[in-house]
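# Chains, contacts and geometry: an overview
Now for the letters of each chain:
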Protein chains: 2
Amino acid sequence: MGVTIADNQPVERRKKIAKILEEKANGLCPVHDFLIHFANKWSMLVVLNLGYAGSPRFNELKARVSGISQRMLTVTLRSLEEDGLVARQLYPEIPPRVEYQLTPLGKSLLDVMMGLGEWAAKHEAEIAKARKKFRGRNAA
Amino acid sequence: MGVTIADNQPVERRKKIAKILEEKANGLCPVHDFLIHFANKWSMLVVLNLGYAGSPRFNELKARVSGISQRMLTVTLRSLEEDGLVARQLYPEIPPRVEYQLTPLGKSLLDVMMGLGEWAAKHEAEIAKARKKFRGRNAA
DNA sequence: GTTTTGAGTTACTTTAAGTAACCAACTTAT
DNA sequence: ATAAGTTGGTTACTTAAAGTAACTCAAAAC
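Since this is a predicted model, take the numbers as computed values, not measurements. (Residues numbered from 1 in each chain as written. Chains lettered and ligands numbered in written order. Predicted model: local features only at pLDDT ≥ 70, side-chain atom pairs only at ≥ 80, totals over all residues. Heavy atoms only, no water.)

### What about the protein's contact with DNA strand D?
Worth spelling out the cut-off: Nearness is defined per residue: one heavy atom within 4 Å of the molecule or strand is enough. Counted as a polar contact is a pair of N or O atoms within 3.5 Å, where, for protein atoms, one must be capable of donating a hydrogen and the other of accepting one, and residues adjacent in sequence contribute only when both atoms are in side chains. Helix and strand definitions follow DSSP, with helices as H or I runs of at least four residues and strands as E runs of at least two, each counted in order from the N terminus. Three categories are distinguished: nonpolar for Ala, Val, Leu, Ile, Met, Phe, Trp, Tyr, Cys and Pro, charged for Asp, Glu, Lys and Arg, and polar for the others, with Gly belonging to the last.
The full set close to DNA strand D counts 19 residues, and A:Gln70, A:Arg88, A:Pro96, A:Tyr100 and B:Trp42 are the nearest of them. One nitrogen or oxygen atom from the side chain of A:Tyr100 is found 2.6 Å from a phosphate oxygen belonging to DNA strand D. Among the elements that take part in the surface near DNA strand D, helix H5 (residues 70–82) of chain A stands out by supplying four residues, more than any other. By residue class, the composition of the surface near DNA strand D is eight nonpolar, four polar and seven charged.

### A look at the packing of aromatic side chains
Basically, it comes down to this: Ring pairs shown here join Phe, Tyr and Trp side chains whose ring centres sit within 6.5 Å, with only the six-membered ring taken for Trp; geometry is labelled stacked below 30 degrees between planes, edge-to-face above 60, and tilted in between. Each residue is placed in one exposure class: buried if its accessible area under a 1.4 Å probe, protein chains only, is under 20% of its type's maximum, exposed if it is over 50%, and partly exposed if it falls in between.
Enumeration according to the criterion identifies four aromatic pairs over all chains in this entry. For the ring pair A:Phe34 and B:Trp119, a centre distance of 5.1 Å and an interplane angle of 50° mean the geometry is tilted. Here the residue A:Phe34 occupies a position in helix H2 (residues 30–38), and B:Trp119 occupies one in helix H6 (residues 104–122), the pair thus bridging two chains. The pair formed by A:Phe34 and B:Trp119 is uniform in burial state, with each residue classed as buried. Ring geometry for B:Phe34 against B:Phe38: centres 5.0 Å apart, planes inclined by 20°, an arrangement best described as stacked. Highlighted residues: B:Phe34 and B:Phe38, both in helix H2 (residues 30–38), separated by four residues, approximately one helical turn.

### Considerations on the pairing of strand S2 (residues 97–102) of chain A
All names here are of chain A. How we decide: Think of it this way: DSSP has to see at least two bridges between two strands before they count as a pair.
Judged by which residues are buried, S2 turns out to be one-sided: Val98, Tyr100 and Leu102 face inward and are buried, whereas Arg97, Glu99 and Gln101, on the alternate face, are not. Taken together, the six bridges between strand S1 (residues 86–91) and S2 define a ladder with antiparallel strand orientation. Pairing of Tyr91 across the sheet is with Arg97, part of S2. Remark: five residues form the turn of the hairpin made by S1 and S2, two consecutive strands paired antiparallel.

### Focus on the protein's contact with DNA strand C
What surrounds DNA strand C is a group of 19 residues, the closest being A:Trp42, A:Ile94, B:Gln70, B:Arg88 and B:Tyr100. In this structure, a base nitrogen belonging to DNA strand C sits 3.0 Å away from a side-chain N or O atom of A:Arg71. Contact distances for DNA strand C include 3.0 Å between a phosphate oxygen and a backbone N or O atom of B:Val98. Among the elements of the structure, helix H3 (41–53) and H5 of chain A together with helix H4 (58–64), helix H5 (70–82) and strand S2 (97–102) of chain B are those that each provide at least two residues to the surface near DNA strand C. Taken together, the residues of the surface near DNA strand C sort by class into eight nonpolar, four polar and seven charged.

### Some thoughts on the pattern of salt bridges
Cut-off, in case you're wondering: Any Lys or Arg side-chain nitrogen found within 4 Å of a carboxyl oxygen on Asp or Glu counts as a salt bridge.
Using the criterion set out here, one finds ten salt bridges over all chains in the structure. B:Arg97 is the salt-bridge partner of B:Glu93, the closest N and O atoms lying 3.2 Å from each other. Given a relative accessible area of 40%, B:Glu93 falls into the partly exposed group. Overall, the relative accessible area of 22% leaves B:Arg97 in the partly exposed class. Salt bridges sharing common partners tie together A:Glu93, A:Arg97 and A:Glu99.

### What to know about the environment of B:Asn59
Assignment of secondary structure puts B:Asn59 in helix H4. Judged by relative accessible area, which is 53%, B:Asn59 ranks as exposed.

### A word on the nonpolar core
Burial of nonpolar side chains together is a common tendency in soluble globular proteins. What counts is decided by this rule: The nonpolar core is taken to be a set of buried Ala, Val, Leu, Ile, Met, Phe, Trp, Tyr and Cys residues, with the residues joined through side-chain atoms within 4.5 Å. Contact definition: two residues touch when any of their heavy atoms are within 4.5 Å.
Membership of the largest hydrophobic core comes to 70 residues, with the highest contact counts inside it found for A:Met44, A:Leu116, B:Met44 and B:Leu116. A:Leu116 has contacts with A:Met44, B:Phe34, B:Leu35, B:Met44, B:Leu109, B:Val112 and B:Leu116, leaving out every residue within four places of it along the chain.

### Some words on the packing of helix H6 (residues 104–122) of chain A against H2(B)
Applicable threshold: Note on geometry: axes are C-alpha line fits, over the in-contact stretch for helices, and angles between N-to-C directions span 0 to 180 degrees. In these notes the angle categories are as follows: under 35 degrees is roughly parallel, over 145 is roughly antiparallel, 65 to 115 is roughly perpendicular, and the rest is oblique.
At their nearest, the axes of H6(A) and H2(B) sit 8 Å apart, and the two run at 105° to each other. Compared by their axis directions, H6(A) and H2(B) come out roughly perpendicular. Here H6(A) contributes A:Leu116, A:Gly117, A:Trp119, A:Ala120 and A:Ala121 to the contact with H2(B), which in turn contributes B:Pro30, B:Val31, B:Phe34 and B:Leu35. When its residues are assigned to classes, the contact of H6(A) with H2(B) shows eight nonpolar, one polar and no charged.

This is the structure we're talking about:
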């Protein structure tokens, strides 16, 4: 039995992704490695909000990213900085002033992330409907 | 002080995302809500692999998604099913046979996810470099 | 009658996320 | 002069999520 390619989407592109994903067999799949770091709500929401906000300061960003705690914002920003997605600019005044912004790499990721954001906004209702249906089925 | 829009990217698109993200103030941001469910490595890797694999059975999928445990695959698939992204087809034989595939909604998300996958593959080296640099700086 | 099979559970451990209090060091208000 | 407020964190602690390993079901093959 050969490998099955799912229908009705650009096949070439799929093959490309497939090849990338298969490198995981050798333990070096870049998608896997990246998602392990980056695939969490705060990283994604921070990148999305940074894309909009320009160069916000720590507390501006905290206010913007709804529900995030001070600790998780620090942790998330350090992680994004580590991956080269976010630049941290410290002005050693007192009280301290720190500005965050996307690096060029971060901005290139933002373009992709906006696609995700738009998708989520567009299909909100459909997802809500599916959840309701699922819960109905599994209530019994 | 007005709202700052970051430079050199399509501004209209940003405004759109910004508007969506700001709904969070009312506690109903669809992007936020969706990411809280979906933004984790296993959900994303499962969708990506399902896009490639067609209609794999449980253990095929488990073999494909490197590093995932039986429990996490079950949990992840249930969550994706709940959101209407994945369809589960049970054939009540013994031993049981179960096939999973992306729904049309899941396929539409796959297109966006492939963008993320391609981005990760493309910028792998740049990220690795940034991480090295970061660790160098923070070793002291 | 013991083993195997596929798709899960269940019980338990470890890691990550969330909460809340605290800090440094300088400015402004009392 | 002392007290309070400022920003961008840290530290200690609690809860929730992820990871690990053993177990289940019912029939089929050995």
